[in-house]
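# Remarks on the overall topology
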Amino acid sequence: MKATTLLLPLILALTMLPPNAGASEKSGKKLMVIASIPDFADMAREIGGAHVTVESMANGTEDVHAVAVRPSLAAKLARADVLIEMGLENEHAWLPALVEVCSNQKIRSGRQGDIIASEGVVPKDVPTNVGRSQGEQHPAGNPHVNLGPDMGRLMAQNIAKGLTANAPEYKADFEANLAKYLEKLDVKEKEWREAAAKLKGVKFVSHHPDMAYFADFLGLEEVGTVEPKPGIPPSSSHTAALIEEMKTQGVKVIVREPQYSEKLANEIASKTGAKVVKLTVMVGGVPEAKTWIDMIDYNIQAMLEAIKG
Amino acid sequence: MATRIVVLALLLATWQALLAEEDVPARLQAMQAQIEKLSQRLEAQQQTIDEQKRKIQEQQNVLVSITTKAPIAGASDRVLERLERAERQSADAIKIASRKKPNDLNMSIGSAIDTSFRCYDGTSSHTDRPAGSDFTVRGAELIFYADVDPFFKTYMVLNATPDLANNDEAVPSLEEAAMYTTSLSHVTVKGGRFFMPFGRLDMIHDHDLPFTTRPPSLDNYVGGESQGDGVQVQALIPIDHFLQVTGGVFNKAGASFPIQPVGTRRDGEDLTYFTKALTSFDYGQDHTFEWGVSSLQVPDSNTRRDLLNMEITYKWHPQGIGLRERLVWGTELMRNNLRSTMTIPPDVADNPPTFVQKSRTGSGGYTYFEYFIDRNWSIGPRVDLFQNVDPNVDPRHNLEQTYTAFVTYRFSEFSRLRFEYDRHEYFDGRKANEAYLQWTVFWGAHTHNFDLR
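Source: prediction; values computed, not measured.

What follows concerns a positive patch on the surface. Residues Arg78(B), Arg82(B), Arg85(B) and Arg88(B) make up a contiguous surface patch of positive charge. Tracing the backbone through its elements, the reader meets Arg88(B) in helix α3 (residues 77–98).

Listed below in structure tokens is the structure:
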């Protein structure tokens, strides 16, 4: 047997590795936290403080259901002590494949290192008619929990609980940081509730049905979506019907998420007189949304601007 | 009302006084008694009014405590009891909604049906299907997968493909049946029959390819999908950089490439040895570059197979400029060395046949790109060139070339139409045109695995 031929793949691959390939960013006893989306990365930094090193897999401008499965993400997961994910099958199209290929036992589903940020939420839009004819459904309910202004407390508490379970030696610090963060949230939530009074009853359409928790908090009324069914690209007949419905119901706001076409939203706006407002579905989706609190601030302000007339 | 009664009583008393002036003191006493009675009645009525007011206030307090969700102080026991019952019922409802059903322990089942209409103006000797027009159910696949226990997962793929020799009757076959570990850190051990990750597209089922036809160079060098019965170990090296290494031993590699005839003795040197290394680099958020090297080797000196593959993939996945607009460029280059024993029949009866060993080396590969315009449409070209290593082919004219263009329309993630045009230039100098309209659907449970990224 030509041993060199069989070893050739490994030898060539090693020569292509960058000089710092083996360098680990881990330092001391810091917990390596990988978050599926930047929202959880932000909260993990707030709660974990100096005891954690945090990275996010998705950036804010991607489609949260279709994040590119880059091999580098598997390498990140292989080093993780903790994985924070939304749950409710939000990341089902990309995260399970990466978790499986990285073979990191700490973060496998159901293990201590796998933190579900939405745990305990009463999900909205749980489908009563489950089937592929209904599009790319989430059978467990609408997974866009991170957009609910009143969901910050639940997500932060779940993250704190998970971090404590993985690093009990820092429990006191995590609890203190959580308390500080919840105080901030209380102040902000009061502001958001005041803003909600001005937005109550405002009718809107969005591209994807991702605004359920946001709309519920603010008392907004979702009249329809640009997608005929979740994940199904819009057809001309559906768009025409949506335009008629918007005219009938006097819808004045079209929510456009950064990952969806601006062109179609503008076309619908030109035919209905509605205003297109760009709302981000993740931290980092717009430059203003640097933290989770910033993101909710930005989205509410954008809605308030949209109804100014 | 009370005032009127008092006034009436006073008038009556005055009138009686005028009628009988002599009995004044007695009359005055009677009047005094009546006035006292009337006062008592008034007092009783006032008490009734006060009592009613108190009850109304109590009811208002209960109403306020319920509507403001304040602590239930002051609410009646009945209201409290009803609230507690409602809480218990909603907790039970959540439990019922989230409970696991006995069916959850069953395996997940997915399926794919891949059909096509094909037009081909070449001769049948170059293809598996007849020339001319041809409707085909290219594959009807059933996929089963499940967790075995906390340590293993398993899956099985049955595929029925048409058998031309049997009037296109679909014949099911076991394409894959494998189990793999889930409890080892950074390492996965897999065993059974499965497609080994040789190269880039070899382990991908036909219906999951980015084009209708498998690149001819892969078909020729690997033998369709890289199917093998054996065992494989794959490790993701736990460093910051992605480096995955794989090694395995198999009876054979290639769905239609048994190097050793079935039923003959197979020694260690007749087995197929497989190694691979794959690495990847990100350039910013939008660009990913992957490259890997794979090797397949049958070390036997009489029937040797030595196949080396280099794969390169570049992906452009821009952020925030439109959903799923992206580009994939993929290339595989191969060097193939085959030594086989040729049986030459005797010229004269009774003479034994002679055996001649022939060794041939060739190179080949393909390159393609697929540009995803949006969620529905993608287009791309492919070029495939390879030197045929069949010992019977004249080595001076053994280059086969195929030029392909394809357009795909996806109705959703689970159904698509694809048009593909192929221009063939065969090693014997003949040329042919081929066109496909392919309709593929996927249904049932599905997973997104890393190999299909």
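Once that is clear, we can look at the sheet that holds strand β3 (residues 82–85) of chain A. Residues and elements named next belong to chain A. Spatial ordering of the open sheet is given by β2-β1-β3-β4, a layout of 4 strands whose pairing is parallel. The two strands at the open ends of the sheet, each matched to only one other strand, are β2 (52–56) and β4 (114–116). For this sheet, the mean inter-axis angle between neighbouring strands, taken without regard to orientation, is 20°. Note: strand β1 (residues 31–35) against β2, 5 bridges, orientation parallel. Bridging across to β2, Ala-35 finds its partner in Ser-56. Relative to the sheet, helix α2 (residues 38–48) contacts β1, β2 and β3, its axis offset from that of β2 by approximately 170°.

With that settled, the discussion passes to the confidence of the model for chain A. Here chain A shows a mean pLDDT of 89. Residues at 70 or above account for 93%. Across residues 23–27 of chain A, where pLDDT falls below 50, the model places 8 contacts with residues more than four positions away in sequence or in other chains.

Our next topic: the domain arrangement of chain A. Residue and element names in this part refer to chain A. When the domains of chain A are assigned, the result is domain 1 (28–121 + 139–185) and domain 2 (191–307). In this structure, domain 1 and domain 2 have C-alpha centres spaced 26 Å apart. Taken residue by residue, the interface counts 29 residues in domain 1 and 25 residues in domain 2. For the pair domain 1 and domain 2, the summed buried surface comes to about 2100 Å²; carbon and sulfur atoms form 67% of the total. Three residues, Asn-142, Leu-147 and Pro-149, lead the burial of domain 1 against domain 2; their summed loss comes to 31% of the area buried on that side. Taken together, the connections running from domain 1 to domain 2 amount to 0 salt bridges. Our enumeration of links across domain 1 and domain 2 arrives at 7 residue pairs in polar contact (both at pLDDT 80 or more). Taken together, the elements giving at least two residues each to the side of domain 1 that touches domain 2 come down to α2, α5 (152–166) and α6 (171–199).

Calculation notes
Residues numbered from 1 in each chain as written. Chains lettered and ligands numbered in written order. Predicted model: local features only at pLDDT ≥ 70, side-chain atom pairs only at ≥ 80, totals over all residues. Heavy atoms only, no water. Patch = residues over 30% accessible without salt bridge, like charges linked within 9 Å, V, L, I, M, F, W, Y side chains within 5 Å. Areas by Shrake-Rupley, 256 points an atom, 1.4 Å probe, with all protein chains shown as cover. Salt bridge = Lys/Arg side-chain N within 4 Å of Asp/Glu carboxyl O. Lys, Arg positive; Asp, Glu negative; His and termini not counted. Charge placed at Lys NZ, Arg CZ, Asp CG, Glu CD. Helix = DSSP H or I, 4+ residues; strand = E, 2+ residues; numbered from the N terminus. Pairing = 2+ DSSP bridges. Axes fitted to C-alpha atoms, helices over the stretch in contact; angles between N-to-C directions. Contact = heavy atoms within 4.5 Å. pLDDT = per-residue confidence, 0-100. Domains from an automatic or database assignment. Buried area = accessible area lost by both parts, 1.4 Å probe. Polar contact = N/O pair within 3.5 Å; in protein donor to acceptor, adjacent residues only side chain to side chain.

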